[in-house]
Amino acid sequence: MILKFSILREYLTLSYMHNLKTNFDKFLFITKSVLADHLRPDGNFGPYRHPPKFSDIEIVSLSLTAEALGIDSENLLFYKLKKEYMAEFPALTHRCNYNRRRKRLNGYISLVSDKIAKKINPQEQQYIIDSIPLPVCQNARTYRTTICRDDPKVLPAKGYHASHKLHYFGFKMQLIITRQGIPISAGLTAANVHDVHYLGMLGDVQLHGCELIADKGYLSLPYQTSLFETDKIRLITPLRVNMKNRVNQWTPGYRHMRKR
């Protein structure tokens, strides 16, 4: 689950542009340049027995356009396309086909976001990590809800979020952003997984030689040592009151930065 579409919004400064076709053309140009090595001459990423009229690269561009413009409903997206832009999209595919192909092409969507993020922050050396509660239902419905129970390997759980002083049932999102607030990576765990255990899953994020600024929930000497030895990542957290024998690297500058 990738949260980098705000990167594209900032990169293209689309806040003042509301024409969907104009923005689609801009994204189509960007995606073609970023994914040129993966793209076939017909605009698809793989062979089709019956090549679709609406190509893969157009599916990726339309998905990014909708996200950047804040259109998070496929019903709303296709309502606008059919009512206001049907002439500009004569080969538009059916919504079910679009949704199925968009999920299959999610890796290419993330690849475009990664390239643009690196262009905005080519040599970023400081990142911020924090967790966000994602409740799936009210606490009173915990024992009878069937939400997100179709996969036994990914189940919601009861948890407590200290900063919000919230007991909830659901998941926890771990978000990594830059100092400028640009999302770099997002991960999902059950609500009862402690924040510190997510540090062992940072291998897929591909951070190297940087500072990772966190709160006391990520305080762990073994993980701090392991991150530095493997990827040269300096984990910076405030110390607890009873930790007298540790050198405190936390400064007011880090505290101000974490307000992001």
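Parameters and conventions
- Residues numbered from 1 in each chain as written.
- Predicted model: local features only at pLDDT ≥ 70, side-chain atom pairs only at ≥ 80, totals over all residues.
- Heavy atoms only, no water.
- Helix = DSSP H or I, 4+ residues; strand = E, 2+ residues; numbered from the N terminus.
- Contact = heavy atoms within 4.5 Å.
- Pairing = 2+ DSSP bridges.
- Phe/Tyr/Trp six-rings, centres within 6.5 Å; stacked < 30°, edge-to-face > 60°.
- Buried < 20%, exposed > 50% of the residue type's maximum accessible area, 1.4 Å probe, protein only.
- Lys NZ or Arg CZ within 6 Å of the ring centre and 35° of its normal.
- Salt bridge = Lys/Arg side-chain N within 4 Å of Asp/Glu carboxyl O.
- Expected span 1.5 Å × (residues − 1).
- Axes fitted to C-alpha atoms, helices over the stretch in contact; angles between N-to-C directions.
- Parallel < 35°, antiparallel > 145°, perpendicular 65-115°, else oblique.
- Left-handed = near helix turned anticlockwise from the far one by under 90°.
- Nonpolar A, V, L, I, M, F, W, Y, C, P; charged D, E, K, R; others polar.
- pLDDT = per-residue confidence, 0-100.

Notes on the side chain of Lys172
Piece 1. Looking at the element boundaries, Lys172 is found in strand β3 (residues 166-178).
Piece 2. In contact with Lys172, not counting residues within four places along its chain, are Ser131, Ile132, Gly187, Leu188, Thr189, Ala190, Ala191, Val193, His194 and Asp195.

Structural notes on the pairing of strand β1 (residues 126-137)
Piece 1. Pairing of β1 with strand β5 (residues 211-213), which is carried by three bridges, proceeds in the parallel orientation. Bridging from a neighbouring strand, Tyr127 pairs with Leu212 of β5.
Piece 2. In terms of strand pairing, β1 meets β3 through 10 bridges, oriented antiparallel. From the neighbouring strand, Cys137 faces β3, where its bridge partner is Phe169.

What about the packing of aromatic side chains?
How two aromatic rings sit relative to each other is given by the distance of their centres and the angle of their planes.
Piece 1. Inspection of the entire model under this criterion finds four aromatic pairs.
Piece 2. For the ring pair Phe45 and Tyr108, a centre distance of 3.9 Å and an interplane angle of 10 degrees mean the geometry is stacked. Of the two residues, Phe45 sits in the loop between α2 (20-34) and α3 (56-68) while Tyr108 sits in helix α6 (residues 106-120), which places them 63 residues apart along the sequence.
Piece 3. Judged by relative accessible area, Tyr108 falls into the partly exposed class, the value being 23%.
Piece 4. Above the ring of Phe89, the side-chain terminus of Lys21 is found at 6.0 Å from the ring centroid.
Piece 5. The ring centre of Phe228 lies 5.1 Å from the NZ or CZ of Lys232, which sits over that ring.

Structural notes on the pattern of salt bridges
Piece 1. Taken as a whole and judged by the stated rule, the model has eight salt bridges.
Piece 2. Across the pair Arg101 and Asp56 runs a salt bridge, and its minimum N-O distance is 2.8 Å. Of this pair, Arg101 sits in helix α5 (residues 95-104) while Asp56 sits in helix α3; the two residues are 45 residues apart in sequence, bridging distant segments of the chain.
Piece 3. Residue classification places Arg101 among the buried residues on the basis of a relative accessible area of 6%.
Piece 4. For Asp56, a relative accessible area of 1% gives the class buried.
Piece 5. Beyond isolated ion pairs, a larger network of salt bridges with shared partners links Asp130, Asp215 and Arg258.

Description of α3
Piece 1. In a regular helix each residue adds 1.5 Å, so 13 residues correspond to 18 Å; α3 covers 18 Å between its end C-alpha atoms and thus fits that length.
Piece 2. Extensive coverage of α3 is indicated by the burial of 11 of its 13 residues.
Piece 3. Within α3, the full set of buried residues consists of Asp56, Ile57, Ile59, Val60, Ser61, Leu62, Ser63, Leu64, Thr65, Ala66 and Ala68.

Examining the packing of helix α4 (residues 74-84) against α5
Piece 1. Two elements in contact, α4 and α5, have axes whose closest approach is 11 Å; the angle formed by their N-to-C orientations is 125 degrees. Relative to α5, the element α4 is oriented oblique. Handedness of the α4/α5 crossing: right-handed. Within the contact between the two elements, α4 uses Glu74, Asn75, Leu77 and Phe78 and α5 uses Arg95, Tyr98, Asn99 and Arg102.
Piece 2. Grouping the amino acids of the contact of α4 with α5 by side-chain chemistry returns three nonpolar, two polar and three charged.

Let's talk about the confidence of the model for the chain
Piece 1. This prediction gives the chain a mean pLDDT of 84; 92% of its residues lie at or above 70.
Piece 2. At the low end of the mean pLDDT range in the chain sits helix α1 (residues 5-12), at 50; at the high end sits α5, at 92.
Piece 3. Segment residues 12-16: pLDDT under 50, and seven contacts once partners within four positions in sequence are set aside and those in other chains are kept.

Description of the environment of Val196
Piece 1. Among the structural elements, Val196 can be located in the loop between β4 (183-190) and β5.
Piece 2. In the structure, Val196 is positioned 25 residues away from Phe171 in sequence and 15 Å away in space, judged by C-alpha atoms.

What about unusual backbone geometry?
Piece 1. Unlike most non-glycine residues, Cys148 shows phi in positive territory, near 60 degrees.
Piece 2. For Cys148, the position within the fold is in the loop between β1 and β2 (157-161).
Piece 3. A relative accessible area of 33% means that Cys148 is categorised as partly exposed.
Piece 4. The backbone of Lys232 shows a phi angle near 55 degrees, a positive value even though the residue is not glycine.

Remarks on the pairing of β4
Piece 1. Within β4, seven of the eight residues are buried, leaving the element largely enclosed by the surrounding structure.
Piece 2. When β3 meets β4, the two strands line up antiparallel, connected through seven bridges. Along β4, the bridge assignment pairs Lys172 with Thr189.
Piece 3. Between β3 and β4, which pair antiparallel in sequence order, lie four residues; one of them, Gly181, sits at a positive phi of approximately 90 degrees.

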